[in-house]
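# Overview (structure and organization)
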Amino acid sequence: MSILQAMILGCIQGIASFLPVSSSGHLVLAGSFMGISTGLSLKFLTLMHIGTLAAVCLVLKDDLLRLWNALTGLIRDGIFNLITYAQNFGHPEDGEYRPMLKSAYRGLVVYMAVSMIPTFLIALILRRFA
């Protein structure tokens, strides 16, 4: 495969990865149209997808950092609240608890975690068959 062919395939990956279609399928089809007779290697396809992931992380780095900070803040405040509850056992209203959902990003982290529960349960049930 030439550098030009790799660049064309990279452009196809960049465009198709954000569409609700199979970007891998488009890469294979485009590769066959360009005469890459041996097919695209798994390493090449994997690197294409890693490049897409890196580009998305670079563009969304501020949001990803805010989500990470929200997650660690939720964990930190949750542990603080549990410790406070344990110290005031029997009289939980005596403690000074921290609010858990004090930002939109914390709410988003909770929504993301809750949305993973059905997938986790399905995977747990079907893991013997897979």
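Refer to the structure printed above.
What this report covers is the structure whose coordinates are included nearby.

### Considerations on the nonpolar core
In this structure, Leu9, Leu27, Ala30, Ile36, Leu40, Phe44, Leu45 and Met48 together form the largest nonpolar core, which totals 8 residues. Where this core is concerned, the elements lending two or more residues are helix H2 (23–33) and helix H3 (42–59). No other element matches H3, which puts 3 residues into this core. Contact partners of Leu9, with chain neighbours within four places excluded, come to Met1, Leu27, Ala30, Gly31, Met34, Ile36, Leu40, Phe44 and Met48.

### Focus: helix H5 (residues 104–126)
Look at H5: 34 Å from first C-alpha to last across 23 residues, which is about the 33 Å you get at 1.5 Å a residue. Remark: the principal bend of H5, roughly 30°, maps to Ile117, with a proline, Pro118, within the next four residues. Along H5, the residues that are buried comprise Arg106, Gly107 and Val109. Contacts made by the buried residues of H5 are with helix H4 (61–87).

### A closer look at the packing of helix H1 (residues 3–16) against H2
Packed helices, taken two at a time, are described by the angle between their axes plus the distance between the axes. The geometry of H1 relative to H2 is characterised by a closest axis approach of 9 Å and an angle of 155° between their N-to-C directions. Relative to H2, the element H1 is oriented roughly antiparallel. Judged by the sense of rotation from one axis to the other, the crossing of H1 with H2 is right-handed. Together, Leu9, Ile12, Gln13 and Ala16 of H1 and Ser23, His26, Leu27, Ala30 and Gly31 of H2 make up the contact between the two elements. For the contact of H1 with H2, the residue count by class is 5 nonpolar, 4 polar and no charged.

The rules we used
- Sequence order as written defines residue numbering, which begins from 1 separately in each chain.
- Local features in this predicted model are restricted to residues whose pLDDT is 70 or higher, and side-chain atom pairs enter the listing and the counts only when it is 80 or higher, whereas totals over whole chains, interfaces and linings include all residues.
- Hydrogens and waters are ignored; side-chain quantities use all the structure's heavy atoms.
- Only buried residues count toward a nonpolar core. Its members are Ala, Val, Leu, Ile, Met, Phe, Trp, Tyr and Cys residues joined through side-chain atoms within 4.5 Å.
- Three labels apply to residues, based on accessible area from a 1.4 Å probe with only protein chains included: buried if under 20% of the type maximum, exposed if over 50%, partly exposed otherwise in between.
- Elements are defined by DSSP. Helices are runs of H or I of four residues or more, strands are runs of E of two residues or more, and each kind is numbered from the N terminus.
- Residues are treated as being in contact if the distance between any of their heavy atoms lies within 4.5 Å.
- Helix span is expected to be 1.5 Å times the residue number reduced by one.
- One axis fitted to the seven residues ending at a residue, another fitted to the seven starting there: the angle between these axes is the bend at that residue.
- Throughout, an axis means a line fitted to C-alpha atoms (over the contacting stretch in the case of helices), and angles, computed between N-to-C directions, take values from 0 to 180 degrees.
- We call two directions roughly parallel when the angle between them is under 35 degrees, roughly antiparallel when it is over 145, roughly perpendicular when it lies between 65 and 115, and oblique otherwise.
- Left-handed is the label given to a crossing in which the near helix is rotated counterclockwise from the far helix by less than a right angle, and right-handed is the label when the rotation is clockwise.
- Each residue is assigned to one of three groups, with Ala, Val, Leu, Ile, Met, Phe, Trp, Tyr, Cys and Pro labelled nonpolar, Asp, Glu, Lys and Arg labelled charged, and all others, Gly among them, labelled polar.

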